[in-house]
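# Results of the structural survey
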Amino acid sequence: MTKQELFENIKKKKSFLCVGLDTDIKKIPTHLLEEEDPTYAFNKAIIDATAKYCVAYKPNTAFYESQGVKGIIALEKTIEYIRIKYPDQFIILDAKRGDIGNTSEMYAVSAFEHLKASAVTVAPYMGEDSVKPFVKYPKKWVILLALTSNKGSADFQLTEDKAGERLFEKVLKKSQEWATDEQLMYVVGATQGEMFAGIRKIVPDHFLLVPGVGAQGGSLSEVVRYGMNSQCGLLVNSSRAIIYADNTREFAFAATAEAKKVQAEMAGYLEKII
Ligand SMILES: O=C(O)c1cc(=O)[nH]c(=O)n1[C@@H]1O[C@H](COP(=O)(O)O)[C@@H](O)[C@H]1O
């Protein structure tokens, strides 16, 4: 998907919501455990319940890998279901990859050729040759970790060099030599609030993937205030707050209601730019 196509979808849906498919077998409604593939059954119901209100899905591979082969099959089926039934959805494989060049090439084959995701999250710390294999695929995206939502983000990302430049700022600057804003996005946690203003000075045009609203307590209004650009430039993820809004047989209705609520707030913010 191109950047323009993503923006068109955002305008059409009046939403920049990404629903995180962090499907934990221990948290899904118990009646689904009778299904042949409970994870897939849950995902399918969540996707059908939320597709109208979001522009992206983000399955986090940890939740699937933790179930072994069964989980990987559920992940493959989930991505294929989205691709076929909702082809305008942007699919982010949240795997936080990155390794020496020939290994990253294999990660890229897995994400883009095998699973056919639109984007993959990548850790930047092994540098250029660990990231470049992912940008060889036209219309596919790398989403580099810049300033993450967790407490530990301060341990390395906020450390400064002698000139006062912080490590995440270096990541934002240096990585622009590797790909353009047509293939490169950055992860910035919703919990980072005003930091978005400084980030926008370095990357005014890039899309940012913003996890951390909902269960982690980040503020959507602050993210928009400091982070939105003229093409929206934001994909805001919420996982647990939407997919586990209810764990009875009514879970899909509750997911719809949560997604719709976030989308309605987003529609208000988008009025400023569309
Ligand atoms: O790369 C990510 O998506 C990510 C980066 C980050 O800084 N913080 C963060 O929470 N995430 C992911 O975003 C999702 C957040 O889930 P909820 O807190 O349940 O909405 C999880 O899949 C996390 O792994």
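Scroll up a little and you will see the structure.
Residues numbered from 1 in each chain as written. Predicted model: local features only at pLDDT ≥ 70, side-chain atom pairs only at ≥ 80, totals over all residues. Heavy atoms only, no water.

## With respect to the packing of helix H9 (residues 195-202) against helix H10 (residues 220-227)
Quick note on the threshold: Note on geometry: axes are C-alpha line fits, over the in-contact stretch for helices, and angles between N-to-C directions span 0 to 180 degrees. Helix and strand labels come from DSSP, where a helix needs a run of H or I of at least four residues and a strand needs a run of E of at least two; each type is numbered from the N terminus. With respect to orientation, any angle under 35 degrees is reported as roughly parallel, any angle over 145 as roughly antiparallel, any angle of 65 to 115 as roughly perpendicular, and every other angle as oblique. Rotating anticlockwise by less than a right angle from the far helix to the near helix defines a left-handed crossing, while the corresponding clockwise rotation defines a right-handed one. Any pair of residues with heavy atoms lying within 4.5 Å of one another is described as a contacting pair.
Interaxial distance between H9 and H10 falls to 8 Å at its minimum, and their mutual angle equals 30 degrees. Comparing the axis directions of H9 and H10 gives the class roughly parallel. Helix-helix and strand crossings are classified by hand; for H9 and H10 the assignment is right-handed. Side by side, H9 and H10 meet where Phe-196, Ala-197 and Arg-200 of the first sit next to Val-223, Tyr-226 and Gly-227 of the second.

## Considerations on the pairing of strand E5 (residues 141-147)
Using the following cut-off: Only protein chains enter the area calculation, which uses a 1.4 Å probe; residues under 20% of their type maximum are buried, those over 50% are exposed, and those in between are partly exposed. By the convention used here, strands pair only if DSSP detects at least 2 bridges between them.
Counted residue by residue, E5 has 7 buried out of 7 residues, so it is predominantly covered. Where strand E4 (residues 119-122) meets E5, 4 bridges bridge the pair, whose relative direction is parallel. When the sheet's bridge partners are listed, Val-120 is paired in E5 with Val-142. In terms of strand pairing, E5 meets strand E6 (residues 184-188) through 5 bridges, oriented parallel. Across the sheet, the residue bridging to Leu-144 is Tyr-186, located in E6.

## Section: the site of the ligand
The cut-off we apply is this: Only a single heavy atom is needed: when it lies within 4 Å of a molecule or strand, its residue is near that molecule or strand. Contacts described as polar in this section are N or O atom pairs within 3.5 Å, which, within protein, must combine one atom able to donate a hydrogen with one able to accept it, while residues neighboring in sequence count only if both atoms come from side chains. Surface accessibility follows the Shrake-Rupley procedure with a 1.4 Å probe radius. Residue values consider only the protein chains on display as shielding. The rule is simple: put a 1 Å grid over the protein atoms alone, call a set of points where a 1.4 Å probe fits but cannot get out a cavity, call an open set with protein on both sides within 12 Å along at least five of seven lines a pocket, and count a residue as lining if it has an atom within 4 Å of a point. Molecule-in-pocket calls rest on the fraction of atoms, with more than half required to lie within 2 Å of the cavity or pocket grid points.
Asp-22, Ser-149, Gln-216, Ser-239 and Arg-240 are the nearest of the 16 residues found near the ligand. With respect to the ligand, the side chain of Asp-22 contributes an N or O atom lying 2.7 Å from an oxygen atom. Take Ser-149: an N or O atom from its side chain is 2.6 Å from a nitrogen atom of the ligand. Here the ligand loses 89% of its free accessible area of 510 Å² to cover by the protein chains. With respect to the pocket detection grid, the ligand is positioned in the largest pocket. For the shell around the ligand, the elements supplying multiple residues, two or more each, are strand E3 (90-97) and strand E8 (234-238).

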